[in-house]
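Below are the chains, spelled out letter by letter.
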Amino acid sequence: QRTFTNNADGDDVKARYKKTAEGLLASTPTLEFTQLGHWKAAQFAQLGAALRLTRALETLVLYQMPLDDEGARALVPALPRTLKTLKLESHSLTALPALPALPSLQTLNLVGCDSLTALPDLSALSSLQTLKLLDCMSLTAEAKAAATRQLPSGAKVEEW
């Protein structure tokens, strides 16, 4: 949301900015967002729109972010199939929405999601090796057991 004092080349600048941003997103292997406490669902939806432009993203980290259920519903469907590591740490998230097909996902890290009370079906995460549920104090033993049963053979759950 920039304004130009002289709009003579505004459209050209916008087009170049868009081309640069799309090029960077397409080749970026890691995105990490930390302690952006002012984010709301709209910002997570914007991030979701940006994720649709990624082609090489393997790691997405949202550390100490205000991701709530509404924000998660806006973001999670846009997670790219190329993800190998997903770390969501949020004290506001109570239910992780259904995950899209993530055939490369090896690590799902929900450490510090202390309000999380439910997990989606994880059985489609065929490459998952590690599910981290550290400090997920609101998850019941039944929810953790159900998640464990859905994991591929040999996958481990960390919850100490």
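That block above? That's the structure.
All figures in this text were calculated on a predicted structure; none of them were measured in a lab. (Residues numbered from 1 in each chain as written. Predicted model: local features only at pLDDT ≥ 70, side-chain atom pairs only at ≥ 80, totals over all residues. Heavy atoms only, no water.)

A.B. asks: Would you take a moment to explain the pattern of salt bridges for this structure?
C.D. replies: Side chains that differ in charge, positive against negative, can pair when their charged atoms come close. Scanning the model with the defined rule gives four salt bridges in all. For the salt bridge of lysine 144 with glutamate 159, the shortest nitrogen-to-oxygen distance reads 3.3 Å. Placement of lysine 144 in helix 4 (residues 141–150) and of glutamate 159 in the segment after strand 6 (156–158) is noted, with a sequence separation of 15 residues between them. (Salt bridge = Lys/Arg side-chain N within 4 Å of Asp/Glu carboxyl O. Helix = DSSP H or I, 4+ residues; strand = E, 2+ residues; numbered from the N terminus.)

A.B. asks: How should I be thinking about helix 4 in this particular structure?
C.D. replies: Note: α-helices contain 3.6 residues per turn, so residues at a spacing of three or four share the same orientation. By the burial criterion, the buried members of helix 4 are Ala143, Lys144 and Ala147. Here the buried residues of helix 4 occupy an arc of 100° about the axis, which is enough to place them on one side. Turned more than 90 degrees from where helix 4 packs its buried face, Ala141, Glu142 and Arg149 sit exposed. Next to the buried residues of helix 4 lie strand 5 (130–132). (Buried < 20%, exposed > 50% of the residue type's maximum accessible area, 1.4 Å probe, protein only. Arc of directions from axis to C-beta. Contact = heavy atoms within 4.5 Å.)

A.B. asks: Please clarify how helix 2 (residues 41–51) should be interpreted in this entry.
C.D. replies: Burial in helix 2 covers these residues: Ala41, Phe44, Leu47, Gly48 and Leu51. The arc that holds the buried residues of helix 2, viewed along the axis, is 115°, so those residues lie on one side.

A.B. asks: What is the right way to read the side chain of lysine 144 from this model?
C.D. replies: Classification of lysine 144 by relative accessible area gives buried; the value is 15%. A polar contact is formed between the side chain of lysine 144 and the side chain of glutamate 159, at a distance of 3.3 Å. (Polar contact = N/O pair within 3.5 Å; in protein donor to acceptor, adjacent residues only side chain to side chain.)

A.B. asks: Whenever I open this one, the side chain of serine 90 confuses me. Can you help?
C.D. replies: Looking at where serine 90 falls in the secondary structure, it is placed in the loop between strand 3 (85–88) and strand 4 (107–109). A distance of 3.2 Å separates a polar side-chain atom of serine 90 from the backbone oxygen of methionine 65. Here leucine 67 takes part through its backbone oxygen, which lies 2.5 Å from a polar atom of the side chain of serine 90. Once you skip the residues sitting within four places of it in the chain, serine 90 turns out to touch Met65, Pro66, Leu67, Gly112, Cys113 and Asp114.

A.B. asks: Hey, could you run me through the sheet that holds strand 2 (residues 59–63) in this one?
C.D. replies: By definition, the strands of a sheet pair up through backbone hydrogen bonds, in either a parallel or an antiparallel sense. As summarised here, the arrangement of the six strands in space is 1-2-3-4-5-6, forming an open sheet in which the pairing is parallel. Edge positions in the open sheet fall to strand 1 (30–34) and strand 6, since each of these has one partner strand only. Strand-to-strand twist across the sheet, computed as the mean angle between neighbouring axes with direction ignored, equals 5°. (Pairing = 2+ DSSP bridges. Axes fitted to C-alpha atoms, helices over the stretch in contact; angles between N-to-C directions.)

A.B. asks: Whenever I open this one, unusual backbone geometry confuses me. Can you help?
C.D. replies: With the exception of glycine, the majority of residues adopt a negative phi angle, and the majority of peptide bonds are in the trans configuration. With a phi close to 50°, glutamine 35 is a non-glycine residue in the positive phi region. Structurally, glutamine 35 can be placed in the loop between strand 1 and helix 2. Among the residues examined, glutamine 35 registers a relative accessible area of 51% and is labelled exposed. The phi torsion at aspartate 135 lies on the positive side, around 60°, for a residue other than glycine. Among the secondary structure elements, aspartate 135 is positioned in the loop between strand 5 and helix 4.

By themselves these figures say nothing about function.
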